[in-house]
Amino acid sequence: MDVKICGLRRIEDALMVNEFKNIKYAGLVFANTKRKVTVEQAAAIKNALREDIKTVGVFTETSAKEINEIARAVGLDICQLHSDESNEDCGLICTQVWKAIRVKNEDSIKEADSFTDADGFVLDKYKANEYGGTGEAFNWNIAKAFSKNHFTVLAGGLNKENILSAVEMVKPDVVDLSSSVETDGYKDYNKIKEFMERIDSNGVK
């Protein structure tokens, strides 16, 4: 199992994640949130990352044309789509695509079957009229068989206290963290270290 740290905003954030071998993905947010970065900032962060860390651009309500322009300018490896994109929209993206599924109930999970042009799925909690990360956990029981058939990125409210239960139940390929490893909106080295030590010491693979 790999780890994605989402919402990097500074060169310092890249240098933090570089220290942990199981962190294999770094999220750069282009949606309109407090973690939004410019193309220039994103490119600088990417250049500071270890070569084996893949960059994931996070988008909401953005056209395929604009996503592709940003992806090419930054050199993104993956685009993570969080709005009402169709399968056809996913097929227009020039990188690998992770489609976000807002999990409300078992029917939510079934949406993934129609996205044959997505390379993976980010499972996050449903919140009415909101797209993007919620920072809240959903009922993992709903998704406990999902990873058998799909590349699965588990997001939403994960922290060092609940990560072992989440991984045991969902068995994701990647776990996605953001607010739980921040202090005052910025990545916190000690919180990242504590999280990584928790999974390493418990033999999470």
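Residues numbered from 1 in each chain as written. Predicted model: local features only at pLDDT ≥ 70, side-chain atom pairs only at ≥ 80, totals over all residues. Heavy atoms only, no water.

**A look at the packing of aromatic side chains**
- Applying the stated criterion across every chain yields a total of five aromatic pairs.
- Plain terms: the ring middles of Phe20 and Tyr189 are 5.6 Å apart, the flat faces sit at 40° to each other, and that makes the pair tilted. Of this pair, Phe20 sits in the loop between helix H1 (11–18) and strand S2 (23–29) while Tyr189 sits in helix H7 (residues 189–201), and the two are 169 residues apart along the sequence.
- Seen in terms of ring centroids, Phe121 and Phe146 are 5.9 Å apart; in terms of plane orientation they differ by 85°. Their pairing is edge-to-face. In this pair, Phe121 is assigned in strand S6 (residues 120–125) and Phe146 in the loop between S6 and strand S7 (152–154), connecting sequence segments 25 residues apart. Taken as a pair, Phe121 and Phe146 share a single burial class, namely buried.
- Three or more aromatic residues joined by ring pairs make a cluster, and in this case those are Tyr25, Trp98 and Phe151.
- Taking the ring centre of Tyr186 as reference, the NZ or CZ of Arg9 above it sits at 4.2 Å. (Phe/Tyr/Trp six-rings, centres within 6.5 Å; stacked < 30°, edge-to-face > 60°. Helix = DSSP H or I, 4+ residues; strand = E, 2+ residues; numbered from the N terminus. Buried < 20%, exposed > 50% of the residue type's maximum accessible area, 1.4 Å probe, protein only. Lys NZ or Arg CZ within 6 Å of the ring centre and 35° of its normal.)

**Quick notes on the packing of helix H2 (residues 39–48) against helix H3 (residues 64–74)**
- Put simply, H2 and H3 touch, their axes get as near as 9 Å, and they point 40° apart. Accordingly, the angle class assigned to the pair H2 and H3 is oblique. Viewed along their axes, H2 and H3 form a crossing whose handedness is right-handed. Mapping the contact onto sequence places Val39, Ala42, Ala43 and Lys46 in H2 and Ile70, Ala73 and Val74 in H3.
- Counted by class, the contact of H2 with H3 contains six nonpolar, no polar and one charged residues. (Axes fitted to C-alpha atoms, helices over the stretch in contact; angles between N-to-C directions. Parallel < 35°, antiparallel > 145°, perpendicular 65-115°, else oblique. Left-handed = near helix turned anticlockwise from the far one by under 90°. Contact = heavy atoms within 4.5 Å. Nonpolar A, V, L, I, M, F, W, Y, C, P; charged D, E, K, R; others polar.)

**Section: the pattern of salt bridges**
- Applying the stated criterion across every chain, the model contains eleven salt bridges.
- Where Lys65 meets Glu69, a salt bridge forms, and the shortest distance between an N and an O atom there is 2.8 Å. One end of the pair is Lys65 and the other is Glu69, both in helix H3 and four residues apart, which spans about a single turn.
- Among the charged side chains, a network of salt bridges with common partners joins Arg35, Glu182 and Lys187. (Salt bridge = Lys/Arg side-chain N within 4 Å of Asp/Glu carboxyl O.)

**Brief notes about the state of the cysteines**
- Counted by the stated rule, this structure contains zero disulfides.
- The thiol of Cys6 is not disulfide-bonded; the next cysteine sulfur, from Cys79, is found 12 Å away.
- By relative accessible area, Cys6 is classed as buried at 9%.
- Cysteine Cys94 remains unbridged, with the sulfur of Cys79 as its closest cysteine sulfur at 6.1 Å.
- According to the relative accessible area criterion, Cys94 is partly exposed, its value standing at 36%. (Disulfide = S-S within 2.5 Å.)

**Regarding unusual backbone geometry**
- The phi dihedral of Glu61 falls on the positive side, at around 45°, and the residue is not glycine.
- Within the secondary structure, Glu61 is located in the loop between strand S3 (54–59) and H3.
- Judged by its relative accessible area of 65%, Glu61 falls in the exposed class.

**What about the pairing of strand S5 (residues 96–103)?**
- For S5, the tally of buried residues reaches six of eight residues, placing the bulk of the element in the interior.
- The sheet contact formed by strand S4 (residues 78–81) and S5 spans four bridges and is parallel. By the bridge assignment for S5, Leu81 is matched with Lys99.
- The sheet contact formed by S5 and S6 spans six bridges and is parallel. Across the sheet, residue Ile101 finds its bridge partner in S6, namely Leu123. (Pairing = 2+ DSSP bridges.)

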